[in-house]
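Observations on chain architecture
Residues per chain are reported as follows:
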Amino acid sequence: MENRAHIPEKARADSPSQPAHHGRAERGTRPKFYLTTPIYYVNARPHLGHTYTTVVADTIARYKRMRGYDVVLLTGTDEHGQKVERAAKVARVTPQAYVDRISGEYRRLWNELGLQIDRFVRTTDDAHEHAVRRLLEQARDNGYVYKGHYEGQYCVFDEMYVDEPLPGNLCPECHRPTELVREENYYFKLSVFQERLIELYEKHPDFIQPEARRNEVMAFVRGGLRDLSVSRTSVKWGIPWPGDDRHVFYVWYDALASYMTGIGYGDDELQWEHYWPADLHLIGKEILRFHAVYWPAFLLAAGEPLPKKIFAHGWWLFQEEKMSKSRGNMQHPQPAARVLGIDALRYFLLRDMVFGQDGNYTRDTLLTRYNSDLANGLGNLASRTLTMIEKYFGGEIPERSSEIDNPLKSACAAESQIVLDAYESYSFSAALQHIWQIISLVDNYLTNEKPWKLAEVPEERKHLASVLYNAAEALRFVVVLAHPVIPQSTQTIWRQLGLPGAIESQRLDALAWGGLTSGTKIGEFAPVFPRVDHKEAFERMEAMEQEMNQAAKAGSAAAEQKPPSATQASVPSAQGSGAVTAPPQTGATSTASAPGAGTSGAGTTPTGATQAAPASPVKIGIDDFTKVEMRVGVVQSAEKVAGADKLLKVMVDIGTEVRQVVAGIAEAYKPEDLVGRRVVVVANLNPRKLRGVESNGMILAASGGAEGKPVLCTFAEDVPAGTRLK
Ligand SMILES: [Zn+2]
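Computed from a predicted model, the values in this text were never measured in an experiment.

Each value, and the rule that gives it
Residues numbered from 1 in each chain as written. Predicted model: local features only at pLDDT ≥ 70, side-chain atom pairs only at ≥ 80, totals over all residues. Heavy atoms only, no water. Phe/Tyr/Trp six-rings, centres within 6.5 Å; stacked < 30°, edge-to-face > 60°. Helix = DSSP H or I, 4+ residues; strand = E, 2+ residues; numbered from the N terminus. Buried < 20%, exposed > 50% of the residue type's maximum accessible area, 1.4 Å probe, protein only. Pairing = 2+ DSSP bridges. Expected span 1.5 Å × (residues − 1). Axes fitted to C-alpha atoms, helices over the stretch in contact; angles between N-to-C directions. Parallel < 35°, antiparallel > 145°, perpendicular 65-115°, else oblique. Left-handed = near helix turned anticlockwise from the far one by under 90°. Contact = heavy atoms within 4.5 Å. Nonpolar A, V, L, I, M, F, W, Y, C, P; charged D, E, K, R; others polar. Salt bridge = Lys/Arg side-chain N within 4 Å of Asp/Glu carboxyl O. Right-handed = clockwise from strand over helix to strand, strands pointing away.

1. Topic: the packing of aromatic side chains
A complete count under the given rule lists 35 aromatic pairs for this structure. When the ring of Tyr63 is compared with that of Tyr423, the centres are 5.0 Å apart and the planes differ by 25°; the resulting orientation is stacked. Of this pair, Tyr63 sits in helix α1 (residues 48–65) while Tyr423 sits in helix α14 (residues 407–424), and the two are 360 residues apart along the sequence. As far as the burial class goes, Tyr63 and Tyr423 line up, both buried. Between Tyr144 and Phe193 the ring centres are 4.9 Å apart and the planes differ by 45°, which places this aromatic pair in the tilted class. Here Phe193 lies in the loop between β6 (179–188) and α5 (194–203) and Tyr144 lies in the loop between α4 (126–141) and β4 (145–155), a separation of 49 residues in the sequence. For the pair Tyr144 and Phe193, one class covers both residues: buried.

Dropping the structure here:
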């Protein structure tokens, strides 16, 4: 069956040389630009990682609008699948109620951050379900879907079949134990697309960016593709399969199709034809394979055009580690946005990460950037220029003079071109560096020209006017160029310059010297980026972050009652926030706090021996205490963890099951002496890995025995394994 793949072209519309004004600017003739973020999975509350992708998308959308494009930005929430089903069960709410809540959190956050979202797709919407079935039916009609059986290992956590498990049947992605399953599935003939995909990557090197990511994908596809199971019978919370409702769609088939749903696929043909194919799918690098291999294959099978570009960005690291729920080091965007402003957060995210690479998120760097680049840089330039115009020219933009030498005009023209090229290739950090280059040129210019001296000499009046005109005009360049990244403050300065209307209606490629009109009255002005006290702001942000974590925990405690113990191990990972993974300070009064300090990673032992800084004496209620599930465990076996002097791998019977726990007690106890001992196990901790070994719980010990060695907490009397401690 012939599939007419619409192969992405070196898109005409992407070219910065697209004529700026072609006289027919009515909507229908403007080039379109359609971009998407991933459809975020509601098993996590929105955090900094989601925010970054969405802020980047919002910046690109604003930039493209200022280049004359008809832009649609789509985001949304991915709401089906087993993890959601389980999380809802734990929370004792219906899956629909659960997804409504988390999806609402995403929308509220994007509103708070002022992001201009054009389409928000929820995969539980009727229109979406209709679109998914339609996409499948097209592929099926073309002969790319068949019924088969899967028998093999399955990872519940990742919701994927594992073809080649690690020794012990562990999942190669998450290293959790996999389960043997046999189920009837519908399969997608992915294997037949190998050549066409390779051809796509070769003919269109821009299809996957950055380059390193493209190479990974090509190597993967060259290694051969297996057919992909695209339905499940073991899951109920999903879109029913057309004609066989014992099956639901595999979540990825469902989620990817949302890129089509939001622009009218199967519903509004005119809109669909206008906006599809997508010009850009922005994603995090961890979901590259789904977007660069499966997604184009699904589209080819259905005979639909392919997206033009997939850009996989890097991760924000916190204290050098990937932020993740299981590490408990997730950061939220709100503290920075509320203390320093939305623009400060946006500026930092785009300035400090080279797009495509990993970046480090620290409050110190954020604050340093704020004070140096925003308060002392842009903010200071605006206020000194406007103050002098107020003082020397009664608040009117002075006369410019062509006779007086003006180095700023050519510098602004040259830098603008570099900035536009950088935006065009999504090099945001470089774009901002060059905009700030203009700021420093103007600062130097004012320092050299000394307008405050010129003001003392009546004959220099014309010269003074020209200097201040030039500074104000260069400031206009700066705010127009920086608008896609810092939309609010640039609009404010725009108004302060006495300029009318919305700055976003300016065309970036029409930016030319002389836009300010002499005699215009400037607006009222106040500092846009007041300097902040580093230490004080740092502490406020940190306190806010902790408060948010507390609130999230309280919220989840209220809504998400724990189920009976046997399922505990898988529960925390399925929740919005692991109930007992406290940030270091907050939990310090309870035994459960020690792993919170574990954001620093494998060096932390589960005994709580890491002496965090003396914690503030936070009191907790009985509700918090009862969240910690402590049980009597009987040690079955223990062995050293290779390469770790302090760690023992302990198998401990907690009544309902035998748990593997890694404990930092090797210096105090020999493995063989532990067998048969009764210990106290915290049973409902998030699983985590220490030196590559999974630990499912914590064994309690006092941390100040002889030579500072840990002393196990134990019982003098006989108590059965599994007994709960209260
Ligand atoms: Zn897994």
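2. Some remarks on the environment of Ser383
In this structure, Ser383 sits in helix α13 (residues 363–393). Taking relative accessible area as the criterion, Ser383 reaches 26% and is therefore assigned partly exposed. As a C-alpha pair, Ser383 and Phe525 span 142 residues in sequence and 7.6 Å in three-dimensional space.

3. Section: the environment of Tyr370
Position of Tyr370 among the secondary structure elements: in helix α13. Residue Tyr370 is classed as buried on the basis of its relative accessible area, which comes to 4%. Considered as a pair, Tyr370 and Tyr347 are 23 residues apart in the sequence and their alpha carbons are 8.5 Å apart.

4. Notes on the sheet that holds strand β5 (residues 160–162)
In spatial order, the strands read β5-β4-β6-β8; together these 4 strands make up an open sheet with antiparallel pairing. Two strands bound the open sheet, and with one partner strand each, they are β5 and β8 (228–229). With 10 bridges connecting them, β4 and β6 associate as antiparallel partners. Counterpart to Val145 in the pairing with β6 is Phe188.

5. Focus: helix α3 (residues 95–112)
With 18 residues, α3 should reach 26 Å at 1.5 Å per residue; the first-to-last C-alpha distance of 26 Å fits that figure. Those residues of α3 that fall on the buried side of the exposure criterion are Tyr98, Val99, Ile102, Ser103, Gly104, Glu105, Tyr106, Leu109 and Trp110. Downstream of α3 by a residue or two, Gly114 has a phi angle that is positive, lying close to 70°.

6. A look at the sheet that holds strand β15 (residues 321–322)
For sheets, the rule is that strands pair by backbone hydrogen bonds, running either parallel or antiparallel. Here we have 3 strands laid out as an open sheet, ordered β15-β14-β16, and mixed in their pairing. Because the sheet does not close on itself, it has two edges, and the strands there are β15 and β16 (359–361). As judged from the 2 bridges shared by strand β14 (residues 316–318) and β15, these two strands associate in the antiparallel manner. Each residue of the ladder has a partner; that of Leu317, found in β15, is Lys322.

7. Some words on the packing of helix α6 (residues 211–222) against helix α10 (residues 288–302)
Contact geometry of α6 with α10 gives a least axis separation of 11 Å together with a crossing angle of 55°. One element, α6, and the other, α10, form an angle in the oblique class. At the point where α6 passes α10, the crossing takes the right-handed sense. In contact with Arg213, Glu216, Val217, Phe220 and Val221 of α6, α10 contributes Leu288, Arg289, Ala292 and Val293. The class makeup of the residues in the contact of α6 with α10 is 6 nonpolar, no polar and 3 charged.

8. Here we look at the pattern of salt bridges
Scanning the entire structure with this criterion turns up 38 salt bridges. Its salt-bridge partner being Asp100, residue Arg122 comes within 2.7 Å of it at the nearest N-O pair. On the criterion of sequence distance, the pair formed by Arg122 in strand β3 (residues 119–122) and Asp100 in helix α3 is long-range, its members being 22 residues apart. For Asp100, a relative accessible area of 34% corresponds to the partly exposed category. Asp244 is paired through a salt bridge with Lys147; the nearest N and O atoms lie 3.9 Å apart. On the criterion of sequence distance, the pair formed by Asp244 in strand β11 (residues 244–249) and Lys147 in strand β4 is long-range, its members being 97 residues apart. With relative accessibility at 9%, the residue Asp244 sits in the buried group. For Lys147, a relative accessible area of 45% corresponds to the partly exposed category. Salt bridges here are not isolated pairs; linked through shared partners, they connect Lys64, Arg67, Glu424, Arg507 and Asp509.

9. Let's talk about unusual backbone geometry
Residue Pro210 is bonded to the preceding Gln209 through a cis peptide linkage, with omega at -10°. Along the chain, the position of Pro210 falls in the loop between β7 (208–209) and α6. Note the cis peptide between Trp276 and Pro277, where omega equals 5°. Mapping Pro277 onto the fold places it in the loop between α9 (269–275) and β12 (280–284). Of note, Arg92 is a non-glycine position whose phi angle comes to about 55°, a positive value. By the secondary structure assignment, Arg92 is in the loop between α2 (82–91) and α3. A positive phi is found at Lys450, a non-glycine position, where the angle reads about 45°. Along the chain, Lys450 turns up in the loop between α15 (428–449) and α16 (451–454). Take Lys450: its relative accessible area is 36%, and that puts it in the partly exposed class.

10. What to know about α1
For α1, which comprises 18 residues, the first-to-last C-alpha distance of 25 Å matches the rise-based estimate of 26 Å (1.5 Å per residue) to within 8%. The buried count for α1 comes to 16 of 18 residues, which makes it a mostly enclosed element.

11. Observations regarding the pairing of strand β13 (residues 310–313)
Of the two faces of β13, the one lined by Ile310 and Ala312 and the one lined by Phe311 and His313 are each fully buried. Alignment of β7 against β13, held across 2 bridges, turns out to be parallel. Paired with Gln209 across the two strands is Phe311, which belongs to β13. Relative to β13, β12 runs parallel, the two being bridged by 4 bridges. The residue of β13 that forms the bridge with Leu282 is Phe311. Tracing the backbone out of β12, into α10 and back to the parallel element β13 gives a crossover that is right-handed.

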